[in-house]
Every structure is written in C-alpha cells, then in structure tokens.
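Structural overview for review
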Amino acid sequence: MVSHMKKFLFGLFLFASINAYPQSVDVLDKKNHRSISVSYLKGDVITNTKFLRGDNLIGMPIDKFQSVAIKMLWQNPGYYDWQKVYRAPYFGAGISLSDLYDRLELGYPISVFGVLGIPVKRWNKVEIFSEFQFGLALNWKCYHPLYNPKNMNIGADFSFHTNCGIGVSYSLSKKLDIGAGVNFVHFSNGAIERPNKGINIYGSSVELKYYLDDRIRRESIKLPGRLERSNDLFFMVCGSRFQLIETELSVDYYGLGGFSLIYFTQLSNAFRLGYGADLDCWKLINPLPDDDLSRRELKKSLGLILHPEFIFDKLTLVAGLGIYASHPQFGYFKQIYQRLGVRYEFYKSVSLGLNIRGRDFYRAEYMELNLGYRIRWMK
C-alpha cells in the first residue's frame with residue numbers, strides 16, 4: 001500500500017513541477033530563459049529525539065547535514081500580469097543527494113522537487129531572492145523493529161522534502177552568477193507511517209548558476225497597477241491514510257475523508273484571505289477481530305480556519321491556521337491546527353492539491369490529497 005502511494009505521490013509532484021508554469025495557446029511564441037545551477041548546503045540538525053542526540057548505532061549525535069543539488073530553471077521578463085507582480089519569478093525542477101552522516105540508519109536520501117524563486121530586490125549586479133522547494137525524498141533507511149529500531153524520526157522509505165530559503169546572488173559575467181543563502185529544510189512523511197518525528201535542518205548554501213540563454217532584461221520589468229480581483233467560494237474534498245501520533249509504534253491505520261468550505265476575498269494582486277470550516281471523519285481500517293466496538297467507531301471533528309493564500313495564476317501556495325470547534329480527543333475550542341501545501345487549477349475551476357495538516361506548529365497529523373472547485377465573483 002505504501003509502495004502504491006509513493007508512486008502516486010511521485011507522479012503528482014512530477015505533474016506539478018511540469019505544470020507549475022501556466023500554459024496558454026500563445027505561450028509557445030514567448031521565450032523562457034533557461035539556466036542550470038549547482039548548489040551545496042551545509043547545515044545543523046535540530047536534535048529533537050534521543051536517536052538524533054546519540055542513542056543510535058554510531059553512538060554519537062546526528063547533528064550535521066550536507067546536500068548537493070542540481071536544478072533546471074526557467075524565467076521570463078513578465079509576459080503576464082502575475083509574473084510582473086512577482087518581478088519575473090523563476091521556476092523549475094531539481095534533484096538533490098543528502099548526507100546525515102549515518103548511512104546505516106538513515107541512508108543517503110535523494111530528493112526530487114519543484115522550485116519557485118521570487119526576486120525581492122534587484123540592483124545592477126546584485127539580487128536578493130527567496131526560494132521554495134517542495135517534493136519527495138526517497139531512498140531513506142527507515143524505522144524497522146528488528147533492523148533499525150532506534151530510528152524514531154523516519155518511519156517510511158520516503159518523505160516530503162521542503163526547503164525554504166533566502167539568498168543573494170552576484171553576476172560574475174553575462175552567463176554566470178554566484179550566490180549564497182540561508183535555508184530551513186524539513187523531512188517528514190505526513191504521518192503516513194509512524195514513527196515520524198521528522199528531521200529539521202537549518203544551514204547555509206552556496207550556488208553557481210549558468211545561463212543557457214541570454215538573461216532577461218530586468219529594466220523591462222514593470223510592476224502592474226491594481227489588477228482585477230475576485231471573491232471565491234471554494235469547495236474541497238480530501239482523503240488520507242495515516243497513523244495517530246499518540247500511537248507511534250502501533251500498527252493501527254486510519255482512513256480519513258474530509259470536506260471544507262472556504263470563502264475567499266482577494267486583498268491584493270498576489271494575496272487572498274479565506275474564512276471557512278473543515279469537517280473531517282476517520283475510522284480504523286485494520287481492526288482486529290477481538291477489538292471492542294469503540295475502536296471501530298467513526299470519529300468526527302469540526303474546525304474553523306483562517307486561510308491565507310499566495311496566488312501564482314493557476315498555482316496557489318496554501319496556508320491555514322484553525323481551531324477545532326469540536327474534536328473527540330481535544331474537546332471544544334482547545335486545540336489549534338495548521339495547514340500547509342500547494343494547489344494547481346488544472347481545468348477551468350477544478351483544482352488538485354496536496355496539504356500537510358499539523359498541530360502545535362511541528363506535529364504532522366496527516367496528509368490531505370484534495371480535489372477542489374471554486375465559484376468566482378469578480379469585484
């Protein structure tokens with residue numbers, strides 16, 4: 001089951017990477033400026049478990065991290081208004097090889113990810129930018145009760161790869177840039193398999209970028225004025241399979257179905273804010289024959305959520321901060337939760353997305369594969 005889900009997720013991320021840049025009939029006539037980059041990241045691991053602090057086979061803390069990445073990138077000088085809003089962002093796909101200095105218990109994870117970079121400030125030869133990576137990390141050595149019993153951080157042979165960074169680049173020549181930045185990296189499988197404490201890294205990076213085509217003409221990029229804005233009523237259904245965080249070494253798996261209704265109002269060219277509710281139902285899907293009826297019951301929760309989103313034409317970066325109005329474990333209005341993910345509108349008003357639902361700002365509850373539909377009114 002995990003193997004099939006891994007293949008599906010890999011295909012979804014590949015689809016998202018290929019389609020992250022919205023296409024239209026005439027886009028083939030407009031040039032995308034290509035570049036390729038090689039980067040190296042050196043970081044420190046946040047040692048949040050006994051395993052990372054030294055209770056492992058190597059008998060020493062796992063607190064260092066390094067990775068090498070290759071990225072293929074595209075950029076244009078702003079053919080569309082949304083590109084002008086973000087000062088001609090770049091996009092693409094990459095692959096990285098990571099090392100946590102414990103190959104026996106963690107292996108050498110390989111990440112495949114989509115890339116979105118947003119310029120913050122430009123001068124003649126210097127540019128400050130932010131970059132976001134989201135994808136899958138494969139090839140982990142994960143927890144096993146017999147062969148890898150101390151690894152409480154990685155519970156499956158795949159995880160999600162998230163990298164958020166801010167950096168500065170300098171133009172060495174017409175074809176070559178050198179850059180440096182600071183990054184936060186997170187690996188977690190979204191509670192698909194426990195244990196799943198995840199791995200968090202903060203560090204610094206250096207990058208060398210080579211332009212396969214001419215650079216874009218930065219002076220031609222003009223910020224647009226106030227663009228037409230909308231109000232949206234958004235319907236979302238989601239599904240998931242997960243293990244409860246309170247039973248990290250349990251073999252219990254739960255199936256979840258959810259429905260969300262969110263009303264959005266667009267506040268700027270790049271940002272909209274939503275107000276809504278999440279109704280979720282889940283049930284144990286592998287009960288034992290002698291389990292009592294209470295373990296087999298359908299459980300329900302209702303959450304109220306504030307939903308900020310950043311708009312990149314058909315691609316949306318999703319966030320959310322909510323509170324459980326009713327929850328069988330947490331009670332009434334006592335537990336906040338979070339949502340983080342990405343959504344792509346692939347056909348008219350229909351979208352496909354992937355979110356991580358979490359709580360306490362560091363615990364992953366489960367992954368939300370979702371299908372959405374919007375009704376739109378222009379302001």
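Refer to the structure printed above.
As a starting point, this report considers the structure included with it. Per-chain numbering applies: the sequence of each chain, read as written, is numbered from 1 onward. Under the rules for a predicted model, residues below a pLDDT of 70 receive no local features and side-chain atom pairs below 80 are neither given nor counted, while totals for whole chains, interfaces and linings still include all residues. Side-chain measures here rest on the full set of heavy atoms in the structure, leaving out hydrogens and waters.

1. Looking at the overall build of the protein chain
For the record, the criterion: Numbering of helices and strands runs from the N terminus; a helix is a DSSP stretch of H or I covering at least four residues, while a strand is a stretch of E covering at least two. To get the radius of gyration, use the C-alpha atoms; to get the globule rule, take the number of residues to the power 0.38 and multiply by 2.2 Å. Exposure was quantified through the Shrake-Rupley algorithm and a 1.4 Å probe, taking into account, for residues, occlusion by the shown protein chains and nothing else. This count recognises Lys and Arg as positive and Asp and Glu as negative, with His and chain-terminal groups excluded. Working definition for charges: the position is that of NZ of Lys, CZ of Arg, CG of Asp or CD of Glu.
Secondary structure assignment for the protein chain yields four helices and 16 strands. Its C-alpha radius of gyration of 22 Å places the protein chain within 12% of the 21 Å reference for a compact globule of 379 residues. For the protein chain, the spread of C-alpha atoms along the principal axes amounts to about 70 × 55 × 35 Å. When the accessible surface of the protein chain is totalled, it reaches about 18,400 Å², and 64% of it is carbon and sulfur. Here the protein chain contributes 47 positive and 35 negative side-chain charges, whose respective centroids are spaced 5 Å apart.

2. Details of the side chain of S171
As a reminder of what qualifies: Each polar contact in these results corresponds to two N or O atoms within 3.5 Å; when the atoms are within protein, one needs to be able to donate a hydrogen and the other to accept it, and residues that are neighboring in sequence are counted only if both atoms are side-chain atoms. Every residue pair with non-hydrogen atoms within 4.5 Å of one another is taken to be in contact.
Of note, S171 is situated in strand β6 (residues 158-171). Within the structure, the side chain of S171 is placed 3.3 Å from the side chain of D177, a separation counted as a polar contact. The residues touching S171, leaving out its near neighbours within four places in the chain, are K125, L176, D177, R215 and R218.

3. Examining a nonpolar patch on the surface
Put simply, the rule is: The residues that make up patches have over 30% relative accessible area and no salt bridge, and they are joined within 9 Å when like-charged or within 5 Å when they are Val, Leu, Ile, Met, Phe, Trp or Tyr. Note on definitions: salt bridges are taken to be side-chain nitrogens of Lys or Arg within 4 Å of carboxyl oxygens of Asp or Glu. The buried label goes to any residue with under 20% of its type's maximum accessible area, the exposed label to any with over 50%, and the partly exposed label to all in between, with areas taken from a 1.4 Å probe on protein chains only.
A cluster of nonpolar side chains, namely I36, V38, Y40, V68, I70, I95, L97, Y108, I110, V206, Y210 and L212, defines an oily patch on the protein surface of about 980 Å² accessible area. Where the nonpolar patch is concerned, the elements lending two or more residues are β1 (33-45), β2 (64-75), β3 (90-99), β4 (107-122) and β8 (199-211). Tallying contributions element by element places β1 first for the nonpolar patch, with three residues. Mapped onto the fold, I70 is located in strand β2. Given the relative accessible area of 43%, I70 is considered partly exposed.

4. Re the pattern of salt bridges
Between side chains of opposite charge, a pair can form as their charged atoms come close. Tallied over the entire structure, the rule returns 21 salt bridges. The salt bridge involving R357 is made with D278; its shortest N-O contact spans 4.0 Å. Taken together, the residues span a long stretch of sequence, with R357 in strand β15 (residues 350-359) and D278 in strand β11 (residues 271-284) at a distance of 79 residues. You can call R357 buried: its relative accessible area is 0%. The buried category is assigned to D278, whose relative accessible area is 0%. In this structure, the salt-bridge partner of R357 is E368, at a minimum N-O distance of 2.9 Å. Residue R357 is found in strand β15, and its partner E368 is found in strand β16 (residues 363-378); the two are separated by 11 residues along the sequence. Across the pair, E368 and R357 agree in class, each one buried.

5. Considerations on unusual backbone geometry
In this model, R194 is joined to P195 through a cis peptide bond whose omega is 0°. Here P195 shows up in the loop between β7 (176-188) and β8. You will see that A191, though not glycine, has its phi angle at about 70°, which is positive. One non-glycine residue, K348, lies in positive phi territory at about 50°. Locating K348 in the fold gives a position in the loop between β14 (336-347) and β15.

Geometry only, nothing functional implied.
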